[in-house]
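Architecture and fold: a report
If you want the building blocks of each chain, they are given just below.
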Amino acid sequence: MSDTPQPILLADYTAFGWLIDQVELEFHLAPRATRVLSKISLRPNPDAPAQDFFLHGEELRLIWAKINGERITPEVSKTGLTCAVPDAPFVWEAEVEIDPQDNTALEGLYMSRGMYCTQCEAEGFRKITFYPDRPDVMAPFKVRIFGEDPVLLSNGNPVAQGEWHDPWPKPAYLFALVAGDLRAVSSSFTTASGKDVELNIWVRPGDEDRCDYGLDALKRSMKWDEDVYGREYDLDVFNIVAVDDFNMGAMENKGLNIFNSKCVLASPETATDADFARIEAIIAHEYFHNWTGNRITCRDWFQLCLKEGLTVFRDQQFSGDMRSHAVHRIQDVLMLRGRQFREDNGPLAHPVRPESYVEINNFYTATVYEKGAELIGMLKRLVGDDGYSQALDLYFDRHDGDAATIEDWLKVFEDATGRDLSQFKRWYSQPGTPRLHMSEAFEDGTYTLSFAQDTPPTPGQDVKDPQVIPIAVGLLGANGNEVMPTTVLEMTEAKQSFSFRNSVEGWVLDGPAAAERISGAAPEKPTPSVLRHFSAPVILERDITPETLGFLLSHDTDPFNKWEAGRALAKHVLLTMITQSTQPDALYLDAMAQVAADSALDPAFRALALGLPSQDDIAQALFDSGQTPDPQVIYDAGQSLRDALAAHLEPALAPIYDAMACPGPYSPEAGDAGKRALRHGALGLLSRCDGGARAEALYQAADNMTDQTGALTSLLAIAKGGDQVQAFYDQWHGDRLVLDKWFGMQVSLAKPDQAAQVAHSLAEHPDFDWTNPNRFRALIGGLAMNTAGFHHESGAGYQFVADWLIRLDSKNPQTAARMSTAFETWRRFDADRQDMMREQMQKIAAHDKLSRDMGEMITRMLD
Ligand code: PHE
Ligand code: ZN
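Residues numbered from 1 in each chain as written. Chains lettered and ligands numbered in written order. Predicted model: local features only at pLDDT ≥ 70, side-chain atom pairs only at ≥ 80, totals over all residues.

1. Considering the sheet that holds strand S8 (residues 80-82)
Strand order across the open sheet formed by 3 strands is S4-S8-S7, with antiparallel pairing between neighbours. Edge positions in the open sheet fall to strand S4 (54-56) and strand S7 (75-76), since each of these has one partner strand only. As paired strands, S7 and S8 are joined by 2 bridges and run antiparallel to one another. In the strand pairing of S8, Val76 is matched with Leu81. (Pairing = 2+ DSSP bridges. Helix = DSSP H or I, 4+ residues; strand = E, 2+ residues; numbered from the N terminus.)

The following block contains the structure:
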């Protein structure tokens, strides 16, 4: 593509010149030549500026078009068509032909292993027919599907075989159609107001036994949204379809959610505990979109976080309610730091609400989703739980049926709570992760915490204004007792101090009320627990000794900060091992021995506490402190620390390994899953001592996928498990989802100097069907996740990933572009590695079928 595509700007928004009263679609399905007839009733939009009539359309063969029944000859370009229209209500009709079989981008109408399905978000509907393919154009749809397949599905309520009416006005990106030889696993749900809803999960014959968990998660989601947000479902039927070829996790099409099969199908034998938890979260997420996304949608794609940030926040609340809040919060923060902080601190940093894009598919990011969810969490913390529910009620009342903006969203909070949120709004427009520097002072019985915030420059934005940062703080006394419960400090200035005085009831934030209640006794300096619950998405920087971290790890009452103390300690140990070639610190090893064996703690929590910071985390920390990270050195430090942990903890871990066995039939419930997580964490360390004996035995005895992969992972991590790899393949080669795991584990756990070679041989394997996004992600993404392997000094990892991205880019730009983020951290590394990565990115940018998606990503990364 030689012509540079023009960016789209938020500032350029104008409303579409027409309103649509009704859309009628008729599909005549054929793999190579599907005919789509459309009939659209339009009338002039009194609130829109004058404009030429333009309908989007790409890769469509126009057969004919009519206005008010009269044939016309529109002017058709690569992106759409224009024609003259009456200055009054009119009916547009057209017939187009499309080729679903040829659609490898998996956007629009495509085929996945013989079944028809669609993906229209963000701009795929324009590959189905000519239409104003933008989220602010909402209309009711009637659909008729003609085809040979027994199951013909679309949005809304069924009217007859292959005929569907969706009464709720929706934007085109929520349109969906599925046709195939499918089986339903069904149930029903009675809403709070007594309406029966039919629930179906549609799968290929043979997969019926993997739907129970998804159905159950769906019912729990429906109930939860009624109980917690007061939102009922609004159609007679809710359909979910599992498809094997899908670019993302799942899609919230109205009444017809389409799922990547890996995000909905599960049985104990084929899915791990982590798979079950993810399925529960994604089912909930897509269901929750019915209100936050579908009933209230986005005015334009810049507002993507309006639906995604809020819906992620809601699914996180749900998962916390279903499982453990503490454990979920830790997992969410791990994910935020692993993906979003990485993005926010590199060349792809962008605001939660971007202001320009070339290809919107490149903005379905951790920043829009995960940081977007953090902003909702901060808002809730600032206005309180009651303020939050009042604001949400007002949001649903005021905006039901609207295509809304972030301004609308913040306005409901202002109107419901009386707060001024103009400063808070900066969180939506300022990219970059704020650094929060903290220092303490203790004088005359007054304890003071001082904070300074600053956010490093991001592409296109050098200067940052101070943001509102809710800092949840608790204070602990010398004996470990909590002397001040969690108190939220609101930081609004670049620098700000908060003082605390000792009162008869313990420590309190200093202020007029506090003065009355000062206690007589001379207080001792308390120990602060700062940013409890991870109350803001910032990087906390402070001088803190390993002893204080150890103290917090033992005594903090906030489970997140308890975990965080252990994590900070591990990070500290790794960094000193790397920069000062020291041996692992005994304080850390002792602290871990204590946590591991502390049966008062939730096993899932203990498992998380035993984990080490990722190699990527350590690389970023070194880079932040002005050093050049060496991936091999980071890897080696992690290995030595694991060896030291294993040696030191062996006496404690062996009984834990035995005690955490879950007798009886497998259950995906959080309790058992937590035990298995701790058991497998222990196994990973014990395998370094027993040469893999326990892991081999576990593999042998395993009757569920969690144990099977847990055992195999432990073996691969000590460079063993050859027989088990073969046995796993023999057992599972007929199962697409399980085979993805087989590909992924081998690459992501290979030793750094072998990773590229392992990936290379697996890519030659007859089962490496690289056109399937899950399989591609398992292998190529597996290598990118193997930090030291990807960054191996030979450059073989870079080359392997780049070659495959080029190959995929010409077939499936969206998935290829998303995976190019493997290179986003390139500027952290030494000159040789930078040169090699730059060269590979330039090679990608120069390939002759470079997509707009990939072109934009590479440009942003190299700029
Ligand atoms: N809207 C989907 C979700 O978050 C994600 C998605 C985006 C799926 C684009 C497909 C294409 O739930
Ligand atoms: Zn979503």
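Resuming the write-up.
2. Concerning helix H6 (residues 406-417)
Because each turn of an α-helix spans 3.6 residues, side chains separated by three or four positions end up pointing in the same direction. The terminal C-alpha atoms of H6, which comprises 12 residues, lie 17 Å apart, in line with the 16 Å expected from a rise of 1.5 Å per residue. Residues of H6 that are buried: Ile406, Trp409, Val412, Phe413 and Ala416. Looking straight down H6, one finds its buried side chains confined to an arc of 125°; they lie on one side. (Expected span 1.5 Å × (residues − 1). Buried ≥ 20, exposed ≤ 12 C-beta atoms within 10 Å, placed from the backbone. Arc of directions from axis to C-beta.)

3. Topic: the pairing of strand S2 (residues 18-28)
The pairing of S2 with strand S3 (residues 34-44) spans 10 bridges and is classified as antiparallel. Each residue of the ladder has a partner; that of Phe27, found in S3, is Val36. The turn linking S2 back onto S3 is made up of 5 residues. Bridge count for S2 against strand S12 (residues 139-146) is 6 bridges, and the pairing is parallel. Residue pairing for S12: Val23 is matched across the bridge by Phe141.

4. Quick look at the UniProt feature "domain: Aminopeptidase N-like N-terminal" (unreviewed entry) in the chain
Those places that UniProt annotates as "domain: Aminopeptidase N-like N-terminal" (unreviewed entry) correspond, in this numbering, to residues 113-161. The distance from the first to the last C-alpha atom of residues 113-161 is 23 Å, and the span holds 0% helix and 43% strand. (UniProt positions renumbered as here; feature names shortened; annotations may be inferred.)

5. Here's the deal with the site of ligand 1
Near ligand 1 the following residues occur: Gln119, Glu121, Ala122, Met248, Ala250, Met251, Glu252, His285, Glu286, Glu308 and Tyr364. For the shell around ligand 1, the secondary-structure elements that each account for two or more residues are strand S20 (250-251) and helix H2 (273-288). The residue makeup of the shell around ligand 1, split by class, is 5 nonpolar, 2 polar and 4 charged. (Near = placed C-beta within 6 Å. Nonpolar A, V, L, I, M, F, W, Y, C, P; charged D, E, K, R; others polar.)

6. Quick look at the environment of Ala755
Tracing the sequence through the fold places Ala755 in helix H20 (residues 755-763). Overall, Ala755 belongs to the buried group, with 26 C-beta atoms counted inside 10 Å. Separated by 42 residues in sequence, Ala755 and Gly797 have C-alpha atoms that sit 7.4 Å apart. Residues within four places of Ala755 in sequence aside, it is in contact with Val747, Ala750, Leu783, Asn786, Gly789, His792 and Gly797. (Contact = placed C-beta atoms within 7 Å.)

7. Quick look at helix H14 (residues 631-659)
The terminal C-alpha atoms of H14, which comprises 29 residues, lie only 36 Å apart, well short of the 42 Å expected from a rise of 1.5 Å per residue. At Glu650, H14 is bent by approximately 75°, the largest bend along its length, and proline Pro651 sits one to four residues beyond. When we look at burial in H14, the residues that qualify are Pro631, Ile634, Tyr635, Ala637, Gly638, Leu641, Ala644, Leu645, Leu649, Leu653, Ile656 and Tyr657. Next to the buried residues of H14 lie helix H10 (559-580), helix H11 (586-597), helix H13 (615-624), helix H15 (670-690), helix H16 (693-701) and helix H22 (787-790). (Bend = angle between axes of the 7 residues up to and from the residue.)

8. A look at the environment of Ser112
Looking at the secondary structure, you find Ser112 in strand S10 (residues 108-112). The class for Ser112 is buried, based on 20 C-beta atoms found within 10 Å. Along the backbone, Ser112 and Asp244 are 132 residues apart, and their C-alpha atoms lie at a distance of 6.5 Å. Setting aside residues no more than four positions away along its own chain, Ser112 makes contact with Cys117, Val243, Asp244 and Asp245.

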